[in-house]
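Structural overview
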Amino acid sequence: MRLTDSTQEAEFRTYVRDWLADNLTDQWRRDFGATEGRERIDFLKDWQGRLFDAGLAVRSWPAAFGGRDAPLAESLIVFEELANADAPPDVFRIGVRIIAPMIMELASEDQRTRFLPHIAEGLNLWSQGFSEPDNGSDLSALTTRAILKNGKYVINGQKVWNTYGHLADYCLLLARTNTEAPPHKGLTAFIVPLSTRGIDIRPLRQINGQQDFNEIFLDDVEVAEDAVVGEVDGGWIVAMTMLGFERRGISVLGFACRRLFQRLIDVARVTSTRDGKQRLIDLPGVREKLTSVGIQARIAVLNNHRFAAMSGGKPGAETSMQKLHTTELNKTMHALALDLMGKSDLTDPHARSQFSEWERDYLTSFGMTIAGGTSQIQRNIISERLLGLPR
Amino acid sequence: MQFSFTEDQQMIRDTAESLVARSCQMTEVRAFGDGQSDFVDALWQDLAKAGFNGALVAESHGGSGLGMLEAGIALEALGGALAPVPFLSTTAVADLIGRLGSDEQKSRYLSKIAAGQISAAIVGCPDPAHRDENGALRGQWAPVANAESADLLLVVVADTATGDADSYSVNVIEDIKDSCTVETFDTMDRTRRGFGAITLTGAAGVPLAGSLDGDGYARLGAILAAGSAVEMLGGAVQVLEMAKTYAMERVQFGRPIGAFQAIKHMLADQLVALEGLRSLVWAALWAIDNAPEEAPLAAATAKAVADQVALQLAGENIQIHGGIGFTADIDAHLYVKRVQLDRLVWGPPGIHTDFLEAHLEEMA
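The rules behind these values
- Along each chain, residue indices are assigned from 1 in the same order as the chain's sequence is written.
- Each chain gets a letter, beginning with A, and each ligand a number, beginning with 1, in the order they are written.
- Restriction of local features to residues with pLDDT of at least 70 applies here, the model being predicted, together with a cutoff of 80 or more for giving and counting side-chain atom pairs; totals for whole chains, interfaces and linings are based on all residues.
- Side-chain measures were taken over the full set of non-hydrogen atoms in the model, leaving aside hydrogen atoms and water.
- The start and end points of each domain follow an automatic or database-based domain assignment.
- Whether two residues are in contact is decided by their heavy atoms, any of which lying within 4.5 Å being enough.
- When two parts are brought into contact, each loses some accessible area as probed by a 1.4 Å sphere; the total of that loss over both is the buried area.
- By definition here, a salt bridge exists when the distance from a side-chain nitrogen of Lys or Arg to a carboxyl oxygen of Asp or Glu is within 4 Å.
- Under the rule applied, a polar contact is a pair of N or O atoms within 3.5 Å (in protein, one hydrogen donor and one hydrogen acceptor; residues adjacent in sequence only if both atoms are side-chain atoms).
- Each residue is assigned to one of three groups, with Ala, Val, Leu, Ile, Met, Phe, Trp, Tyr, Cys and Pro labelled nonpolar, Asp, Glu, Lys and Arg labelled charged, and all others, Gly among them, labelled polar.
- Note on pairing: two strands pair once DSSP finds at least 2 bridges between them.
- Strands are runs of DSSP state E lasting at least two residues, helices are runs of H or I lasting at least four, and both sets are numbered from the N terminus onward.
- Geometry is summarised by axes, namely lines fitted to C-alpha atoms with helices restricted to the contacting stretch, and by angles between N-to-C directions that run from 0 to 180 degrees.
- In this analysis, the protein atoms alone were mapped onto a 1 Å grid. Cavities are point sets where a 1.4 Å probe fits without being able to get out; pockets are open sets with protein on both sides within 12 Å along at least five of seven lines; lining residues have an atom within 4 Å of a point.
- Grid points are joined across faces, edges and corners, and a volume is the space filled by probe spheres set on the points.
- The criterion for an aromatic pair is that two Phe, Tyr or Trp rings (for Trp, the six-membered ring) have centres within 6.5 Å, with stacked assigned to planes under 30 degrees apart, edge-to-face to planes over 60 apart and tilted to the rest.
- Only protein chains enter the area calculation, which uses a 1.4 Å probe; residues under 20% of their type maximum are buried, those over 50% are exposed, and those in between are partly exposed.
- Note that the term roughly parallel is reserved for angles under 35 degrees, roughly antiparallel for angles over 145, roughly perpendicular for angles of 65 to 115, and oblique for everything else.
- Here a crossing is taken to be left-handed if its near helix is turned anticlockwise relative to the far helix by less than a right angle, and right-handed if that turn runs clockwise.
- Here the expected length of a helix is defined as 1.5 Å per residue gap, with one fewer gap than residues.

Comments concerning the domain arrangement of chain A
All names here are of chain A.
- On domain assignment, one finds that chain A holds domain 1 (7-90), domain 2 (126-233) and domain 3 (252-386).
- Centre-to-centre separation of domain 1 and domain 3, based on C-alpha positions: 23 Å.
- Tallying the contact residues gives seven residues for domain 1 and eleven residues for domain 3.
- Of the roughly 810 Å² buried where domain 1 meets domain 3, counting both sides, 63% is carbon and sulfur surface.
- We note a salt bridge from aspartate 86 to arginine 259, for which the minimum N-O separation is 2.9 Å.
- At the junction of domain 1 and domain 3, the tally comes to three residue pairs in polar contact (both at pLDDT 80 or more).
- Grouping the amino acids of the side of domain 1 that touches domain 3 by side-chain chemistry returns four nonpolar, one polar and two charged.

Re the pattern of salt bridges
- According to the stated counting rule, one finds 38 salt bridges over all chains in the structure shown.
- One network of salt bridges, in which partners are shared, links A:Asp5, A:Arg13, A:Arg17, A:Glu80, A:Glu81 and A:Arg258.

Some details on the interface of chain B and chain A
- Contact residues are listed per partner, giving 40 residues for chain B and 42 residues for chain A.
- Interface of chain B and chain A: buried area, both sides summed, is about 4,000 Å²; carbon and sulfur atoms make up 69% of it.
- If you look at where chain B meets chain A, you find four salt bridges.
- Its salt-bridge partner being A:Arg287, residue B:Glu361 comes within 3.2 Å of it at the nearest N-O pair.

Structural notes on the sheet that holds strand S4 (residues 140-144) of chain B
All names here are of chain B.
- Sheet architecture is open: three strands sit in the order S4-S8-S7, paired in antiparallel fashion. Edge positions in the sheet fall to S4 and strand S7 (180-184), since each has one partner strand and no second. Between one strand and the next, the sheet's axes are offset by a mean angle of 20 degrees, whatever the strand orientation.
- Pairing of S7 with strand S8 (residues 196-200), which is carried by five bridges, proceeds in the antiparallel orientation. The residue bridging cysteine 180 from the neighbouring strand is leucine 200, located in S8.

Some details on empty space enclosed by the protein
Residues and elements named next belong to chain B.
- A complete count under the given rule lists two cavities of 30 Å³ or more for this structure.
- Each pocket or cavity is described by its volume, and for the largest cavity that value is around 200 Å³.
- Around the largest cavity, the lining is made up of 18 residues, and of these Val85, Pro86, Ala145, Arg192 and Phe195 lie nearest the centre.
- With three residues, helix H5 (residues 87-100) is the largest single contributor of residues to the lining of the largest cavity.
- Here the second largest cavity defines a volume of roughly 90 Å³.
- Around the second largest cavity sit 13 residues that line it, and Met232, Gly235, Ala236, Tyr335 and Val339 are the ones nearest its centre.
- It is helix H8 (residues 214-249) that contributes the most residues to the lining of the second largest cavity, five residues altogether.
- Looking at the lining of the second largest cavity, its residues break down into eight nonpolar, two polar and three charged.

Concerning the domain arrangement of chain B
All names here are of chain B.
- Looking at the assigned domains, one finds that chain B contains domain 1 (1-118), domain 2 (119-210) and domain 3 (215-363).
- When each unit is reduced to the centre of its C-alpha atoms, the spacing between domain 2 and domain 3 is 28 Å.
- Of the residues lining the interface, 17 residues belong to domain 2; the matching set on domain 3 comes to 15 residues.
- Where domain 2 meets domain 3, there are one salt bridge.
- With a shortest N-O distance of 2.8 Å, arginine 192 and aspartate 342 are connected by a salt bridge.
- Where domain 2 meets domain 3, there are four residue pairs in polar contact (both at pLDDT 80 or more).
- Across the side of domain 2 that touches domain 3, the residue classes break down as eleven nonpolar, three polar and three charged.

Here's the deal with the packing of aromatic side chains
- Inspection of the entire model under this criterion finds 16 aromatic pairs over all chains.
- Summarising the aromatic geometry, the rings of A:Trp161 and A:Phe213 are spaced 5.4 Å apart at their centres and angled 40 degrees between planes, so their arrangement reads as tilted. With A:Trp161 in strand S3 (residues 152-163) and A:Phe213 in strand S7 (residues 213-224), this residue pair connects regions lying 52 residues apart in the sequence.
- A:Phe213 gets classed as partly exposed once you look at its relative accessible area, which sits at 22%.
- With a centroid separation of 4.0 Å and an interplanar angle of 10 degrees, the aromatic rings of B:Tyr168 and B:Tyr217 are classed as stacked.

Re the environment of B:Val170
Residue and element names in this part refer to chain B.
- Relative to the helices and strands, valine 170 is located in strand S6 (residues 167-173).
- Counting along the chain gives 96 residues from valine 170 to alanine 74, while the straight-line C-alpha distance between them is 26 Å.
- Those residues in contact with valine 170 that lie beyond four places of it in its chain are Leu96, Leu100, Leu154, Val155, Val156, Val206, Pro207, Leu208 and Leu212.

Observations regarding the packing of helix H4 (residues 72-84) of chain A against helix H9 (residues 284-311) of chain A
All names here are of chain A.
- Orientation of H4 relative to H9, taken along the N-to-C sense of each, is 160 degrees, at an axis distance of 10 Å. If you check the angle between H4 and H9, you find them roughly antiparallel. Here H4 and H9 pass one another in a crossing that is right-handed. Seen from H4, the contacting residues are Leu72, Leu76 and Glu80; seen from H9, they are Val301, Asn304, His305 and Ala308.
- Here the residues of the contact of H4 with H9 sort into four nonpolar, two polar and one charged.

A short note on the packing of H9(A) against helix H10 (residues 318-343) of chain A
Residues and elements named next belong to chain A.
- Running from N to C, H9 and H10 cross one another at 155 degrees; their axes reach a closest spacing of 10 Å. Judged by the inter-axis angle, H9 sits roughly antiparallel to H10. Classified by chirality, the crossing of H10 by H9 is left-handed.
- The residue inventory of the contact of H9 with H10, partitioned by class, reads 13 nonpolar, eight polar and three charged.

With respect to helix H4 (residues 68-80) of chain B
- Taking 1.5 Å per residue, 13 residues should reach 18 Å; H4(B) reaches 18 Å between its end C-alpha atoms and fits that length.
- B:Leu82 lies just past H4(B) and shows a positive phi near 55 degrees.

Points about unusual backbone geometry
- Along the chain, B:Cys125 connects to B:Pro126 via a cis peptide bond; the corresponding omega equals 5 degrees.
- Cis rather than trans, the peptide bond between B:Ala142 and B:Pro143 has omega equal to -10 degrees.
- Phi at A:Val58 takes a positive value of approximately 50 degrees, unusual for a residue other than glycine.
- Relative to the elements of secondary structure, A:Val58 occurs in the loop between helix H3 (37-53) and H4.
- For A:Val58, a relative accessible area of 8% translates into the label buried.
- Look at A:Asn150: it is not a glycine, yet its phi comes out positive at around 50 degrees.

As structure tokens, then:
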């Protein structure tokens, strides 16, 4: 057992920190902040390409697919250092952390060769087409239909909560190909280029003021037979595989929670109460709450390392525990941040602008306990798959 | 990082679990509860023979020369089995004697500890004893584990005379009844016996040759906190298993109660809490052995969470059992009673969260 970096890991961590210091500069952040929409995606494509060239992106992928065959521990170092450096959200995470690992496991040789390098380097942006307005948590009942006609699949239906769909190149779409079989045995996964005729993408307004996700309407959308990933009618295992990787991917939020804890301490240290007589960090109630979230942040980081050592390459149902814990913690911590802001002197314009940022981040945290399987669904998964309780 | 047991450690775990399954069955524990003996000597001897009593004793003194992680592996198994043996006290004392004792003191005690021939108790961490204006040793503590049956009592004394705030001597008392008043500390925990209220009456025992500085005192505190936390983790694992089993067997409204989300979600939250505790506990035990400067914070975190999670799981186990959970006909109550005491024995409740709050900035 070793809870510190090995010599090799320590050297790699230094390399990552140095690289981030050289590349994630204040100027880069200013340039990034000035972009939006399609321009932002292009900016981040460049960033992903640079991460790839530096050997930081997709490090644990097999070398054959553009990775370095590195142990998961090194990928965790990258995620941890990115979190510590307050790196911007990774828009490529869907392709890199969810779809690509599934492609490695279940897709054809040809699909691996065609898609994996581009995902790794950030040349293509990917989105997921799973949830529908009537079928979210109950995913296997989905009704988007794909019918084979003259050698092509014709797809009709509607998807929702499709993150980055308005800017993505591809969608990994789940559709029904068999209405006779039990619901979860009649689904097929397709790689659908989002430029295909018949696709109408409409952004949805989120409560945090952003528009990162969409409704997608599919009207006689045609894709070739080689767009099928895995087996026809075998889409459920594709979906489950992706969801396992998604839960693990979301769990790197644990590193962000520890970084958030450091930021909350800093805020409490520099911020005074409204009467100006005390710093927030000297208030017993504040110390108690900060201690509580600090303990949970430590748990989240330790869990990342312990579970990675347990499961290795293949994430199992234990990722549901990580996802549930870190996303709820993230929400609790943002609520605490807003409380700290509320205790400060909001007549001060600087405090007010900080308050606005935290307010937006607090609202964003509500999405994480819902996306990737709600906290309630995670509890079902934990109790059924890890504890063996009856469905 | 490689946050997993080595093969050797896994083997030690398998050994501890099968030893406890053989030598500390529930029938044994219940019989102990109804009886009078100090502790289950057969189990104590089995632990000694397997090298566990000597986990922190050097091989040159008949021990296994292992670390707190390995002692913790044994403690988890013992806690899960509600074992009526004073393993943690004795282990902490063995560590102190090994570090501070003269050759004569080490020879006098260590091999006997490793061989299971003596057991120990310890006071003064937290709340060190002090010397009054006449130089007599003063201190009062309750509840003290193994107070009534220990062969040795170690007393940690604050050395205020040296002018150094962080200097402690450690006295060994062999004739406990001559040096202290020991009153029985009554508890409903029948899985252990001999808890006492100890008052020093002036006689000092013999000081160990070496003394503790601040780091040494902190190490002792970490051993006791992490050791208690891993023992409580063992109990928590068992009560979750008990609750889950009942939820799968008990049928109401035409289905097992575990099919209902209220029960499912309670157990899911318990498992998440338990796994979080496990990460903290192992990290604390590892730190004691490998990163001593991190150990005090790590151990306080583990114990603070154990105090909360172990009680939550033991209590919810009773809740999930419904009416029968409130009877002494099933074993659920044994775990709750043990947890309640575990939350007091190594310091008052809240002492560890207080420590963390005082060191908040270091937690970041």
